[in-house]
Amino acid sequence: MQRIRLRYTKRGRLRFTSHRDFQRAFERALRRAEVPMAYSAGFTPHPKVSYANAAPTGTGSEAEYLEIALTAHRDPEKLRELLDESLPAGLDITDAVEARTSGLADRLTASIWELRLEGVEADEAERAAGVFLAAEAVEVQRRTKNGMRTFDTRGAVVSLEAAPAPGDRTPDNACAILRLVVRHVTPAVRPDDVLSGLRAVADLAPPVPAAVTRLAQGLFDEESGTVTDPLAPDREAVTAAPPTAAETAAAKAPEGPAA
């Protein structure tokens, strides 16, 4: 009867939550919030939830997306609040919109990532980024379920910038921030692959693992070089379209007796 698209986060220690762990937590939240979920057919029905391009385990994210199918009409914002209250802090539902267009996954073509490199001077990170961008190809290896695979990371990186971390810094507590825009290609190029490429071509090796956060993902705009909000087309369609029969019926429903 209705499809709702949600944006959620993985913050703090919850960035170590695996995708399967999040699925279980989210399904419990659906039950707590008494969401009228649609279920799949068959001997083992499952709630109809579609996840789109989840971030790797161990990385934070401000821009994860999923879609749920309902059997009754619900206000997206009220539903967002109920689900957010039913999830642990760090797994936060930050946006909700009724799905009025198709192809959410097709609009997730690029991501903006931030890599926090403790123990690395900003000048050194900037030098390494320049070497990486100047290369025609930067090949790295990653173990997959089919064995070791070699692929190019440079072709997927649209931009790569380095800056010092905010706050007062000394040589003893140096910290650089890398911000990169990466196209979603096959095989997928992940932030740790870019770090492997920086180590290979520029000898950049942070003394501690980088803290990685996805800041945004969506459709890459070639003209502006930015990543656009994938839920924007649904908001525009909701604004432009006349109310549905369910919305009209909900608006006309009589209020209950005063207490």
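Small disclaimer: the values here were computed from a predicted structure and weren't measured. (Residues numbered from 1 in each chain as written. Predicted model: local features only at pLDDT ≥ 70, side-chain atom pairs only at ≥ 80, totals over all residues. Heavy atoms only, no water.)

**Things to note about unusual backbone geometry**
Stage number 1. Across the junction of Thr186 and Pro187, the peptide omega takes the value -5°, indicating a cis bond.
Stage number 2. The backbone of Glu34 shows a phi angle near 55°, a positive value even though the residue is not glycine.
Stage number 3. Tracing the backbone through its elements, the reader meets Glu34 in the loop between helix H1 (19–32) and strand S2 (49–52).
Stage number 4. The phi dihedral of Asn53 falls on the positive side, at around 55°, and the residue is not glycine.
Stage number 5. By the secondary structure assignment, Asn53 is in the loop between S2 and strand S3 (60–70).
Stage number 6. For Asn53, a relative accessible area of 37% translates into the label partly exposed. (Helix = DSSP H or I, 4+ residues; strand = E, 2+ residues; numbered from the N terminus. Buried < 20%, exposed > 50% of the residue type's maximum accessible area, 1.4 Å probe, protein only.)

**Points about the pairing of strand S1 (residues 2–10)**
Stage number 1. Burial of S1 is extensive: seven of the nine residues sit out of reach of the surface.
Stage number 2. Strand direction decides the pairing type here: S1 and S3, joined by eight bridges, are antiparallel. Residue pairing for S3: Gln2 is matched across the bridge by Leu70.
Stage number 3. Pairing of S1 with strand S4 (residues 93–98) involves five bridges; the strand directions are antiparallel. Counterpart to Tyr8 in the pairing with S4 is Ile93. (Pairing = 2+ DSSP bridges.)

**A short note on the confidence of the model for the chain**
Stage number 1. For the chain, mean pLDDT is 91; residues scoring 70 or higher make up 92% of the total.
Stage number 2. Throughout residues 255–259 the model reports pLDDT below 50, and contacts reaching past four residues in sequence, or to other chains, amount to zero contacts. (pLDDT = per-residue confidence, 0-100. Contact = heavy atoms within 4.5 Å.)

**What to know about the pattern of salt bridges**
Stage number 1. In total, this model carries 18 salt bridges according to the counting rule given.
Stage number 2. In this structure, the salt-bridge partner of Asp95 is Arg235, at a minimum N-O distance of 2.0 Å. Residue Asp95 is located in strand S4, and its partner Arg235 is located in helix H5 (residues 232–240); the two are separated by 140 residues in the primary sequence.
Stage number 3. Put simply, Arg127 and Glu124 hold a salt bridge, and the shortest N to O gap is 2.7 Å. With Arg127 and Glu124 both in helix H3 (residues 122–134), this residue pair falls three residues apart, about one helical turn.
Stage number 4. Since its relative accessible area comes to 30%, Glu124 is described here as partly exposed.
Stage number 5. Salt bridges sharing common partners tie together Arg3, Arg5, Glu67, Arg107 and Asp234. (Salt bridge = Lys/Arg side-chain N within 4 Å of Asp/Glu carboxyl O.)

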